[in-house]
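# Fold and geometry: a report
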Amino acid sequence: MSAFIHMGGYAAYVWPAYAVTLAVIALNIIGARRLLRRSIARARRRLAVAGEGAR
Amino acid sequence: MAWTWFHRLGSPPYVYALCARLTPWLAWPAALLIAGGLYAGLVLAPPDYQQGEGFRIIYVHAPSAWMSLMVYTVMALAAATGLVWRIKVAHAVAAACAPIGASFTFAALVTGSLWGAPMWGTFWEWDPRLTSELVLLLLYLGYLGLRSAIDDPQRADRASAVLAVVGVVNVPIIHYSVVWWNSLHQAASVMRIGKPAMPPAMLLPLLAVLAGFTLLFAALLLVRVRGEILERERGARWVAQELAQS
């Protein structure tokens, strides 16, 4: 197990590379979901305002 | 008759519903392929005879670099479609590509730098491959900056689409940079004519991660496209019906 973490002396390069890539994937998932959630909330607000105007 | 599917792809309500339905079918295979591929790359693949365990950076670097180019190509094609046929959905696709592409270009540059440090003895060199990949990041950032600087969505779509289309000349330059110029960067080992330059135990995990990243891009794109469509369909009646259902 410690040999695996050691990565034949390349641990200082291999693990940060994997960490950066996994962070980019995670941020992409969070970012895409947040964009959609906010767009739906904005569209709902516009619909509510338009509904009040019609009354 | 045969063209009806194509016309429907220009219809915002149809595409919005289609994206919502397809997303899980892309996201779960993507998660399995990426997790399995990275595990196999880190644990099961044999060490390289020259680079030892250090070569394992390839399993995050090459797929990130592939994303940076593939996403830009999709973005430029969508932008060109939007410009020529004035299709709103196409502009939504182009706008949805940019943040995904920019982030994976960043990942490709950072992981490449972390690979270059022990193998070439430097984190950065003004080398044709590295420089053209940095230009790609600047193109993505320029595209995003231009969009955020223009308030009117239709003008933002058109202006940024022109930038995306012009910038596509950089894509073949990046791909062939290692062939055309004397580069520090190694030549292609998967996307080349003839057999790949790797044994199957090394190659298969890489292909799994490449496929996984591609599916991940498709899933992220579909989620983002729905948001971009809603922003472009203000006041459309179908939006009220769609949001009332969910």
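It should be noted that the structure appears before, not after, this text.
Below: a short report on this structure. On a predicted model such as this, the values are computed, not experimentally measured, just so you know.

### Examining the interface of chain A and chain B
Taken together, the contact pairs 30 residues of chain A with 41 residues of chain B. Buried area between chain A and chain B, summed over both chains or domains, comes out near 2,900 Å², and the portion from carbon and sulfur atoms is 76%. Applying the counting criterion to the chain A and chain B interface returns one salt bridge. The salt bridge involving A:Arg42 is made with B:Glu231; its shortest N-O contact spans 2.9 Å. Considering only residue class, the side of chain A that touches chain B consists of 21 nonpolar, five polar and four charged.

### Some remarks on the pattern of salt bridges
Residues and elements named next belong to chain B. Within this structure, the stated rule accounts for seven salt bridges over all chains. For the salt bridge of Lys88 with Glu233, the shortest nitrogen-to-oxygen distance reads 2.7 Å. Taken together, the positions of Lys88 in helix α4 (residues 88-120) and Glu233 in the loop between α8 (200-232) and α9 (237-245) put the pair 145 residues apart, joining distant regions of the chain. The class for Glu233 is buried, based on a relative accessible area of 11%. Residue Asp157 is joined to Arg232 by a salt bridge in which the shortest nitrogen-to-oxygen separation is 2.6 Å. With Asp157 in helix α6 (residues 153-167) and Arg232 in helix α8, this residue pair connects regions lying 75 residues apart in the sequence. Here Asp157 matches Arg232 in class, with each residue buried. In this structure, a network of salt bridges that share partners links the residues Arg147, Asp157, Glu228 and Arg232.

About the thresholds
Residues numbered from 1 in each chain as written. Chains lettered and ligands numbered in written order. Predicted model: local features only at pLDDT ≥ 70, side-chain atom pairs only at ≥ 80, totals over all residues. Heavy atoms only, no water. Contact = heavy atoms within 4.5 Å. Buried area = accessible area lost by both parts, 1.4 Å probe. Salt bridge = Lys/Arg side-chain N within 4 Å of Asp/Glu carboxyl O. Nonpolar A, V, L, I, M, F, W, Y, C, P; charged D, E, K, R; others polar. Helix = DSSP H or I, 4+ residues; strand = E, 2+ residues; numbered from the N terminus. Buried < 20%, exposed > 50% of the residue type's maximum accessible area, 1.4 Å probe, protein only.

Purely geometric stuff here, so don't read any function into it on its own.
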